[in-house]
Amino acid sequence: MFEKPYISNFSVWDYVVFGALLVVSASIGVFFAIKERRKKTSNEFLVGGRQMTCGPVALSLTASFMSAITVLGAPSEVVRYGAHYLWFLIAYTFVITISAELFVPVFYRSGITSTYEYLEFRFSRAVRYFATIMYILQTILYTGVVVYAPALALNQVTGFDLWGSVFATGIVCTFYCTLGGLKAVVWTDAFQMVVMVVGFLSVLVEGTIQNGGPSEVWKTAMNAYGTRLDIVDFSVDPLRRHTFWTIAVGGTFTWLGIYGVNQSTIQRCISCKSEKNMQNSLYLNLVGLWVILVCAVFSLAWSCMHTTKVVILGLQDL
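As the structure is a computational prediction, the values presented were derived from the model and not from experiment.

### Looking at the layout of surface pockets
Taken as a whole, the second largest pocket encloses approximately 270 Å³ of empty space. Lining the second largest pocket are 15 residues; nearest its centre among them are Thr-115, Tyr-116, Gly-257, Val-261 and Asn-262. Looking at the lining of the second largest pocket, the elements with two or more residues in it are helix H6 (115-122), helix H7 (125-158) and helix H10 (244-260). Split into classes, the residues belonging to the lining of the second largest pocket amount to ten nonpolar, five polar and no charged.

### Comments concerning the nonpolar core
Of all hydrophobic cores here, the largest spans 48 residues; its most connected members are Tyr-92, Trp-255, Tyr-259 and Leu-282. Secondary structure elements with two or more residues in this core: helix H3 (54-65), helix H4 (68-81), helix H5 (88-110), helix H8 (162-210), H10, helix H11 (263-269) and helix H12 (275-298). Beyond its immediate sequence surroundings of up to four residues, Tyr-92 is in contact with Met-66, Trp-255, Leu-286, Leu-289, Trp-290 and Leu-293.

### A word on the pattern of salt bridges
One pass over the structure, following the stated rule, counts four salt bridges. Here Glu-120 makes a salt bridge to Arg-128, at a shortest N to O gap of 2.5 Å. You can call Arg-128 partly exposed: its relative accessible area is 25%. The salt bridge partner of Asp-189 is Arg-268, with a shortest N-O separation of 2.9 Å. A residue pair is termed long-range when its members are at least 10 positions apart, and Asp-189 in helix H8 and Arg-268 in helix H11 qualify at 79 residues. Under the relative-accessibility criterion, Asp-189 is labelled buried at 8%. Taking the relative accessible area as the measure of exposure, Arg-268 reaches 10% and is therefore buried. Three or more residues are tied together by salt bridges with common partners; here these are Glu-120, Arg-125 and Arg-128.

### So, the UniProt feature "transmembrane region" (unreviewed entry) in the protein
Taking the numbering used here, the UniProt-annotated feature "transmembrane region" (unreviewed entry) corresponds to residues 12-34, 54-73, 85-108, 129-150, 162-179, 186-205, 243-261 and 282-302. As a span, residues 186-205 carries 100% helix and 0% strand, and end to end its C-alpha atoms are 29 Å apart. Split by type, residues 243-261 is 89% helix and 0% strand. Its first and last C-alpha atoms lie 26 Å apart.

### Let's talk about the environment of Glu-117
Considering the arrangement of structural elements, one finds Glu-117 in helix H6. Accessibility expressed as a relative area gives 18% for Glu-117, which makes it buried. Taking the C-alpha atoms as reference points, Glu-117 and Arg-128, eleven residues apart in sequence, are found 6.9 Å from one another. Excluding its chain neighbours within four sequence positions, the residues that come into contact with Glu-117 are Ile-112 and Arg-128.

### Section: the packing of aromatic side chains
Summed over all chains, the structure comprises twelve aromatic pairs. Their ring planes at 75 degrees and their centres at 5.4 Å tell us that Phe-107 and Tyr-118 sit as a pair that is edge-to-face. Within this pair, whereas Phe-107 is found in helix H5, its partner Tyr-118 is found in helix H6, the two being separated by eleven residues in sequence. Tyr-118 gets classed as partly exposed once you look at its relative accessible area, which sits at 25%. Ring geometry for Phe-234 against Phe-244: centres 5.0 Å apart, planes inclined by 45 degrees, an arrangement best described as tilted. Taken together, the residues Phe-234 in the loop between helix H9 (214-225) and H10 and Phe-244 in helix H10 connect sequence positions ten residues apart. A network of ring pairs unites the aromatic residues Tyr-85, Phe-88, Tyr-92, Trp-255 and Tyr-259 as a single cluster. Sitting over the ring of Phe-123, Arg-122 keeps its end group 5.1 Å from the ring centre.

What counts, and at which threshold
Each chain has its residues counted from 1, running along the sequence as written. Reporting of local features is limited, given that this is a predicted model, to residues whose pLDDT is at least 70; pairs of side-chain atoms are given and counted only at 80 or more, and all residues count toward the totals for whole chains, interfaces and linings. Computation of side-chain values: all heavy atoms of the structure, hydrogens and water removed. Site definitions follow a grid-based scheme: protein atoms alone, a 1 Å grid, a 1.4 Å probe that fits but cannot get out for cavities, and for pockets an open set with protein on both sides within 12 Å along at least five of seven lines, plus lining residues having an atom within 4 Å of a point. Grid points are joined across faces, edges and corners, and a volume is the space filled by probe spheres set on the points. Note on conventions: DSSP H or I runs of at least 4 residues are helices, E runs of at least 2 residues are strands, and numbering of each starts at the N terminus. Under the grouping applied here, Gly and all other residues not named as nonpolar or charged are polar, the nonpolar ones being Ala, Val, Leu, Ile, Met, Phe, Trp, Tyr, Cys and Pro and the charged ones Asp, Glu, Lys and Arg. We define the nonpolar core as a collection of buried residues of types Ala, Val, Leu, Ile, Met, Phe, Trp, Tyr and Cys that are connected through side-chain atoms lying within 4.5 Å of one another. Summary of the burial criterion: residues with accessible area below 20% of their type's maximum are buried, those above 50% are exposed, and those between are partly exposed, where the area comes from a 1.4 Å probe applied to protein chains only. In what follows, a contact means two residues having at least one pair of non-hydrogen atoms within 4.5 Å. By definition here, a salt bridge exists when the distance from a side-chain nitrogen of Lys or Arg to a carboxyl oxygen of Asp or Glu is within 4 Å. UniProt positions are given in the numbering used here, feature names are shortened, and annotations may be inferred rather than shown by experiment. Within 6.5 Å between ring centres, the rings of Phe, Tyr and Trp (the latter by its six-membered ring) count as paired, and their orientation is classed by plane angle as stacked under 30 degrees, edge-to-face over 60, tilted in between. Counting as a charge over the ring demands two things of the Lys NZ or Arg CZ atom: a distance within 6 Å of the ring centre and an angle within 35 degrees of the ring normal.

In structure tokens, the structure reads:
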């Protein structure tokens, strides 16, 4: 019979850090609302006056799609089904290269603020409206999952009301987006990206220390998970959950729609001060994707602090 793992609640300092994250995010919106109060044009609000630099845009792009789904889901996926997720390193490389050289420059040179403007220019207004409605529905569904995941985690470790957490997260995000426009969104994403990486590194370092060093972590992982650390699988069986082909090839086509034509990506890219700056932001973002992916996969080290039985039981309870 398995014992359910003990989950400790937040301490005072945990609440302080959590509150500080929300306050900083909201403050960024207030800062840009005050700073840019005399520049109330749609161009300034939607694309930052096209004066953004590659650094914050790259961090914002990474944070936008490396959400709680990745932070919570990828380590669990690796524990249960294996580390094949690492093949996304190849998929991300193809996606960013194709987007930076072929897709995004077209939108940048068009001088538009929305990918749907391009659809109207290229096809018709009806196509623009249809694509806009599809994007709205997709964003609603995606955002629901992204917001629910951290709210569920907060509910488990703090006892916060689940829907109260969802509401609070939505209010803070809406607040800084509405006040500060794209500049607030980009800089808040950059801040959250730093927090995300620090969190991953904290887990990796602490897990490694408590397990006696990198060699012991790897040894424990091999003994506990065996073939799950073997990522070499070139099977063409379409019924397999993950193989090189399903992730490297299938993942490329999946993510190309996100980085090549998605409004969230394009709006950030066209806010850059030049086309070269925009391409640099995408390639710098690729490094961020690699870092987050490797951290998410190797957070398996933390799970080595527990027995295989306890980890699997905890995952089944999610």
